[in-house]
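Observations on chain architecture
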Amino acid sequence: MMTKNETQQTGFLTRFNLRRDWFLIWIWVLILGMLMTAVAFKFNDLYGTPQSIATIVSTLKTPAMVSLFGAFVAKAPYTTADIFASEMLVFMALFMVVMNIFFAVRNTRGEESNGMLELIRSHAVGKQSPLLAATLELFLINLLVGLIYFGGLQVSGMRGMNTMGNLLTGVGLAAVGFMFGSVALLMSQVSDNPRGATMLSYLVLGIAYIGRMITDVENPDLTWWSPFGWIEKLSIYDKNNWLPVILMVVSTLILLSATFYASRHRDVGSGLIATHGGRKRASIFLAGPFSLVMRLDRLNLIVWTIGTVVLGISYGSIFGTVGDVLKSNPLMGNLLGKDALDAAGQTIVLKFAALLMLVFAVLATVPSVQTLLRINGDERKGWLEQLHAKRVSRARIFGSYVAVSVIIGTLALFAATLGMWLASVTVMTNPISFARMFRGFIGYLPALYVVLGISTLIIGWAPRLQTIIWAIPVYGLISLYFGKLVNIPDWAQKITPYGWVNRVPISTVDWPRFYLYIALAIGLLFIGFLGYKRRDLIEN
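What counts and how
- Residues numbered from 1 in each chain as written.
- Predicted model: local features only at pLDDT ≥ 70, side-chain atom pairs only at ≥ 80, totals over all residues.
- Heavy atoms only, no water.
- Phe/Tyr/Trp six-rings, centres within 6.5 Å; stacked < 30°, edge-to-face > 60°.
- Helix = DSSP H or I, 4+ residues; strand = E, 2+ residues; numbered from the N terminus.
- Buried < 20%, exposed > 50% of the residue type's maximum accessible area, 1.4 Å probe, protein only.
- Lys NZ or Arg CZ within 6 Å of the ring centre and 35° of its normal.
- Patch = residues over 30% accessible without salt bridge, like charges linked within 9 Å, V, L, I, M, F, W, Y side chains within 5 Å.
- Areas by Shrake-Rupley, 256 points an atom, 1.4 Å probe, with all protein chains shown as cover.
- Salt bridge = Lys/Arg side-chain N within 4 Å of Asp/Glu carboxyl O.

1. So, the packing of aromatic side chains
Across all of its chains, the model carries 20 aromatic pairs by this definition. Centroid distance Trp-28 to Phe-102: 6.4 Å. Interplanar angle 35°. Geometry classified as tilted. On the criterion of sequence distance, the pair formed by Trp-28 in helix H1 (residues 4-46) and Phe-102 in helix H4 (residues 80-106) is long-range, its members being 74 residues apart. For Trp-28, a relative accessible area of 18% corresponds to the buried category. You can call Phe-102 partly exposed: its relative accessible area is 29%. Aromatic pair Phe-414 and Phe-441: ring centres 5.5 Å apart, planes at 75°, arrangement edge-to-face. In this pair, Phe-414 is assigned in helix H16 (residues 394-427) and Phe-441 in helix H17 (residues 434-461), connecting sequence segments 27 residues apart. The buried category is assigned to Phe-441, whose relative accessible area is 7%. These aromatic residues form a ring-pair network of at least three members: Phe-414, Trp-421, Phe-434, Phe-438 and Phe-441. A cation over a ring is seen here: Arg-212 above Tyr-209, with NZ or CZ 4.7 Å from the ring centre.

2. Examining a nonpolar patch on the surface
Together, Leu-222, Trp-224, Trp-225, Leu-243, Ile-246, Val-250 and Ile-254 make up an exposed nonpolar region whose accessible area comes to about 750 Å². Among the structural elements, Leu-243 can be located in helix H10 (residues 243-264). Leu-243 gets classed as partly exposed once you look at its relative accessible area, which sits at 40%.

Printed below as a string of structure tokens:
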């Protein structure tokens, strides 16, 4: 039991965290709330007639769409709200989980790593008060987002919706977010550094997501075994099933109990899994800033490379089913013939691969940007003072971080492409050649580099605003992923660098645009370096 004094301390720390994080909280809340509400309003125009609903339902039942959005479980007669729930729940749940992992690690292991927790604990504060304050903040953020989802859906006037379904949508998304936020809180006790805690959290998410994807395609009944798949089992606007919410709440309570138990039995700054001590003497591979940054980010490189390979294999493994969709229709078989069916099947696979390449490119951006942001983060923590005090130029330090970020992003994108192709070869009767699939990698690589160039521009000239860098991949994924579904204008899709890539691997690589993007990326990197070179280090 907590004493009255500890309760007051927890309340004070919670208010302090909310005042400190209010800007970031409102950015997340507004982006997610506006996205959900805007799409709900738009769906009445897109899928307001029986003909348009019938067309999209047949598409949502294909294996490719099931792997992306989950199994379509609504019963006829279908409504606009049924389509909305099928297309939006899994996608929004992913964003909720990412938001929760960000705040959970930042306000626990992040505070511990930068010495803030030690300063707080030096005062008359209960040992569990900071962790409880971070947990309460996470709960309040999810509660706020869930209420905005409910309110936005209520005023959208979407055909076929009902109040219970809208409420369950808000509660379900808040619950799945808080559940994975609790996973991140536990991982913050397991790892002794923020990077490790984040990696472990995303590893759990990746396993749960891939489990959901595979079971949805093979046997939706097995999706109950994936915690991330519980969001689909809500059966919004159909059965309005509250059982998944109960499972999420119970799982969250178990995770939080384990988190507080682990926190109570470890020292400040330590983790249940300790980082092994380094060698007494550095190897020849630690002869400069580049090798140092690469070594510090080696776990990031390994985890993301393996993760994207597995994700590519998971999606590539259903290409045989995706390509055989037309063959299951006897009428199409009689009309087109075997050769035409094989060609049409390959076209469907290539269109699906083109959509996946966008997802892979955005995912590859994440570890790259994380490495770039460490330039200012490591400076702020004082870790680079010893390098700056020696004869190491800023250009060499800056270039080291940029080079490692480029390597990580390139390898992650290539690994996803390779995994997708390797899996497709094993399941397709007439597999697509690696050269054809490789177009997707080459086509999106310059876009990735331009995003990194824009990131260095912000890092060098406006370091205090570097958090807005994440808006680039997030908006790119939303605008292009849902562009065709909600009729986002072409100009709006081309605001991000990803929007200028032609439909590879369906089309050939646009080489003039490729070289233009490379030149633009190099120019942005150079301008970003000029900003980094001219400013004082304390500006951070």
